[in-house]
Each structure stands twice: as structure tokens, then as C-alpha cells.
Amino acid sequence: MSGYLRRLATTGAAYTAASILSKVIAVALLPLYTRYLTPEDYGAAEILFAAVVLVSIVIRFGLIEAILRFYYQDDEDPGKVVAGTFGGLFWLSTLGALLALPFAGPLSEALLDESAPELVRIAIGGLWVLTMWEFMLTLFRLEERARAFFVTTILNVVAAIALTVVLVVGLDEGARGLLLGSYATGAAFVVALIALQWRRLSLRLDLPLLRRLFRFGLPTMPAEVSLYLLNFVDRLIIVRTLGLAEAGLYSLAVKFAQGVNVLVRGFQLAWPPLAYSIRDDEEARRTYATVVTLFVAGTAFVVTGMWLFSRWIVRALAAPEFFDSYEAIGLISTAVTLYALYLVLVVILGRTGRTEFNFPAAIGALVANVALNLALVPSLGIAGAGLALVASYLVVLGLMYVFTQRLFPVPYEWGRLLRVVLTVAILVGVAELLVPTSGALGLLIRAALFAAYPLALFASGFFSDEERRWMALLRHPGALLADLRSAEPAVDGRIPEVYEVERMNED
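Report on the accompanying structure.

**Let's talk about helix α3 (residues 39–59)**
No. 1: Between its first and last C-alpha atoms α3 spans 30 Å; for 21 residues at 1.5 Å apiece the expected length is 30 Å, and the two agree.
No. 2: At the C-terminal side of α3, Phe61 shows a positive phi close to 50°.

Here you go:
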């Protein structure tokens, strides 16, 4: 068991490193951005960023999901799979962008509730950039080139931030500057990566190969779209109900909640290869249960901090007019953790081959999300949207739990999970009901409550003997590093990654 946990930790760390550094840089610049952007500008840009991710999921028709499987199949030529997938994605994304351009005006009215065709044209160009960027990064993952993945991602983030600062701060370009800063640098990196990899790529359409890829990838797309809509439809309802400024506050809360999303991203990339590499079903069940427990315990620690310090985070990193965004930070952080648990259940379905159950679960959550947002947002504002998001993920988790337990029962450690939930609820409840919401005293008491989280778990008997041994190793970093280095390679190339949910726009 410890070998699997070591492998998950090391691969997750490798993939998460770039995300962590990019988030630190981006968050550090929020005080600058929010003083040169109005909430309306920020809301408009973030809605278009989210719309680009959503449409990218549609126009790639599951090809990126399919390459992650077909590249490793014994009866497929990996070189042809890479070349054929690139050709399909290139022409699909190019055609999608060209078809959307004439409708920039109506699209801006639908998304932003105002006419802003220039912003939508930039976003349409970003649609091509994002789709091809995802493909080029996938090539690094296929070859397990973690260093190349890290360096490329960080260079892109640094270049995008530099250009964005010039456009937003120096030239006062507002939402236009945010969009151009991201997509112009992204386009330059995509073109450079295509040039470097050109010998492996092709613009020719390999129709027989594409048919095989579509047969696998297309069924994943409706569920993926439905799930991502949970992170998009709430913003549209906020715009229509409360206005772009409130959408900007909600988007900023989402940005701050990415402190949890960093962990989720690393888990998302590292978990499927490890989970599929466990051949014995009984061993897989035990490992899945333990991983769920420890992952919930780890993310709950971060979520507790987001609840306790949300007001101080916004005061430190945003202009005063963005302060009310704190209302949704804790709720969105909770929703991100629930999303990570959904990924665990997706992998279990992938193990059984019954991925068709993803769609009804995602649709059920989407219906609940729309209904709850319409009911809660008018009266509760962005906190209502956060509540709706948490409830929607609980719906998708409940449905997926029912489906997976019928197909591949896992003995989840409900007693340990309950200890985590109760610990978080008590700490956050005490802080919100009894502790000051401003000032040095409030901050110090909340810091003490945050530090009490691991101590409370330890006192409750949460940790097993093996986990206590690992905790003891933390006092000896050299021994811990040696233990991690002894882990087996992270990925068994023969095991495909059957299904991956698209991440939210991160940077």
C-alpha cells in the first residue's frame, strides 16, 4: 500500500509543481490587477476565459482523451496516433474559430449582457490557442517528460503575465488586456512547440484513425461538457441577475479557491495511471479507499484555511471594491474538493469500462445547479452561487457512488471520513460564530484554529500506525526523501488513462 501512495505523491508533485508556481505568480499580481481593473472588466474577461474552455471541450470531440488511450495500445502505431490526432484537432479548432467569428456581436450579448464584439473576437482566437496548447502539453505527458512540462508551462505563464501587466497597467486596456495577454503569448508558444515537434505532426486527416479515436472519445464529451457547465452556468446567471460586477467578484473568489485546485490538478494527473496499474481487484479496492481518505484529509486542511482566512486573503490581495468576494471563497474551495472526489469515481468507472454512467450523473448535477442558482442567487448573491455549486457536486457524487458501488464496490473508510468532516465543521463554526472577523486578534485566533486541525485529527485516532510512521519521518527529511526515491516508476505504459475531466481555466 505504501508503495502506491509514494508513487501517487511523487507523480502528483511533479505535475503540480508548475501549477503551484504559476498560481503563486498570478495571485501575487492580483493586488496590481484589481487596482487597474473594475469588477465589471474582471468579470467580463473571466466569463470569456471560461467560455473558451467550454467550447474547446466541444470542438475537440474527445480527441485528447482518446490519444491518452490509443498511444499505449499494442495494435496502434504511437507515431501515427500523434500525427493523426494533431491533424484532427488542428482542423477542428480552426474551423470552429472561423465559424464563430461572424457571430461575435450576438455572442457578446448572450455571454456578457452587453455588446462587446472585440472581446469575443479575441476569445475566439483564444479557442484555437487553448485547444492546440492542451494537445502540445499532452505530448509531454505521454512521454513522461515532467521537466519539459514544467519549464514550458512556467515560461508561458511568465510571458503571459509580463504582457498582461504592460497591457492592463501600462496601456489601461482593461478586459481586453487580460485576454490579449493570455492568448497572444499562448499563440507564440503553441507555434514554437509545433515548429519543434513538426516532424511528428501532420495536417493530413487520417480518417480511419480518427474514426477509431472518435468512437472512444466522443462518448466522454457530453459528460465532460455537462460537468464543466457547473463552473460556467452560475456566472451567466449572476450576470443576468446581479450584473457583471458581481460576476467579477465571484470570478475572483474562484481564483482564490485555486489554492485547493492546485492539489486537485496534481491528483487529477497522477491518479489515473496509478489507479489503472493496480491489477488485483481486491488490492485496488483497498488502495482506492485509503487514497480517498488521505486525499480528503489533506484537501480539508487547505479548505479549512480558505474558510478561516478568506477575509484577510481578499484584504491583502485585492482592491477594496473586490472585498465581498470573500463570501464565496470557502464554498468554492469545498466544491473543488468534491470535484476531486468525482475524479476518483470516474476512474473506477473507467476500470469497469462502463463510462456511459458519467453522463446521467453529470446531467443530474447540471439540472440541480441551474435550479439552485436561479433560486439562491437573487437573494444570497455570490454566496448562493457557491452553495449551489457545492450542492451540485454532492448530487454528482451521490449518483456516481450509487453507480460505482454496483459495478465495483469499494470499502470506503466512513469512520475516518466522518472525523475529517466533523473536525472542519467544528473549527469553521467556532471561527464564524465566536471569533472577530477583522483585526490582529481575529487573525491570531483563526491561525490557532487552523493549526489545531492536524492535532484534532491525531487526537481523534484518525491516523493508522503506518501513517504515524510516515509522520515520524517528517522529522528526518533525508530519510523521507530516500523513501520517496525508492518508489517504483509512476506509469505503466500499457495501462491507458481512460477518461480525464477537463480542468478549469487556471492561469
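Don't stop here, the text continues.
**Remarks on the environment of Leu68**
No. 1: Locating Leu68 in the fold gives a position in helix α4 (residues 63–70).
No. 2: Exposure remark for Leu68: the relative accessible area of 5% places this residue in the buried category.
No. 3: Sequence-wise, Leu68 and Val81 are 13 residues apart; in three dimensions their C-alpha atoms are separated by 9.8 Å.

**Side note on the nonpolar core**
No. 1: Formed by 128 residues in total, the largest nonpolar core has its most connected members in Leu112, Tyr250, Trp271, Tyr288 and Tyr393.
No. 2: Ignoring any residue separated from it by four or fewer positions in sequence, one finds Tyr250 in contact with Asp234, Arg235, Ile238, Ala328, Ile332, Ile382, Ala385, Gly386 and Leu389.
No. 3: Membership of the second largest hydrophobic core comes to 34 residues, among which are Val129, Phe135, Phe140 and Leu201.

**A short note on unusual backbone geometry**
No. 1: For Phe61, which is not a glycine, the phi torsion comes out positive at approximately 50°.
No. 2: A relative accessible area of 29% means that Phe61 is categorised as partly exposed.
No. 3: A positive phi angle is found at Asp113, which is not glycine, with a value near 60°.
No. 4: Note on placement: Asp113 falls in the loop between α6 (104–112) and α7 (117–142).

**Quick word on the pattern of salt bridges**
No. 1: Taken as a whole and judged by the stated rule, the model has eight salt bridges.
No. 2: Arg240 is paired through a salt bridge with Asp113; the nearest N and O atoms lie 2.8 Å apart. Placement of the pair is Arg240 in helix α12 (residues 233–241) and Asp113 in the loop between α6 and α7, with a sequence separation of 127 residues.
No. 3: With relative accessibility at 49%, the residue Arg240 sits in the partly exposed group.
No. 4: For Asp113, a relative accessible area of 40% translates into the label partly exposed.

**Structural notes on the environment of Val262**
No. 1: Looking at the secondary structure, you find Val262 in helix α14 (residues 258–277).
No. 2: Through-space distance from the C-alpha of Val262 to that of Val336 is 9.9 Å; in sequence the pair is 74 residues apart.

**Let's talk about the packing of aromatic side chains**
No. 1: Considering all chains together, one arrives at 20 aromatic pairs under this definition.
No. 2: A centroid spacing of 5.0 Å and a plane angle of 90° characterise the contact between Phe90 and Trp91, whose relative ring orientation is edge-to-face.
No. 3: A relative accessible area of 17% places Phe90 in the buried class.
No. 4: Between Phe90 and Trp128 the ring centres are 6.0 Å apart and the planes differ by 85°, which places this aromatic pair in the edge-to-face class. Taken together, the residues Phe90 in helix α5 (residues 78–100) and Trp128 in helix α7 connect sequence positions 38 residues apart.
No. 5: What links up through ring pairs into an aromatic cluster is the set Phe86, Phe90, Trp91, Trp128, Phe135 and Trp198.
No. 6: For the cation-ring pair, Arg285 lies above Phe408, with the distance from its terminal atom to the ring centre recorded as 4.1 Å.
No. 7: The ring centre of Phe462 lies 4.7 Å from the NZ or CZ of Arg416, which sits over that ring.

Parameters at a glance
Residues numbered from 1 in each chain as written. Predicted model: local features only at pLDDT ≥ 70, side-chain atom pairs only at ≥ 80, totals over all residues. Heavy atoms only, no water. Helix = DSSP H or I, 4+ residues; strand = E, 2+ residues; numbered from the N terminus. Expected span 1.5 Å × (residues − 1). Buried < 20%, exposed > 50% of the residue type's maximum accessible area, 1.4 Å probe, protein only. Core = buried A, V, L, I, M, F, W, Y, C linked by side-chain atoms within 4.5 Å. Contact = heavy atoms within 4.5 Å. Salt bridge = Lys/Arg side-chain N within 4 Å of Asp/Glu carboxyl O. Phe/Tyr/Trp six-rings, centres within 6.5 Å; stacked < 30°, edge-to-face > 60°. Lys NZ or Arg CZ within 6 Å of the ring centre and 35° of its normal.

By themselves, these observations are geometric and do not establish any function.
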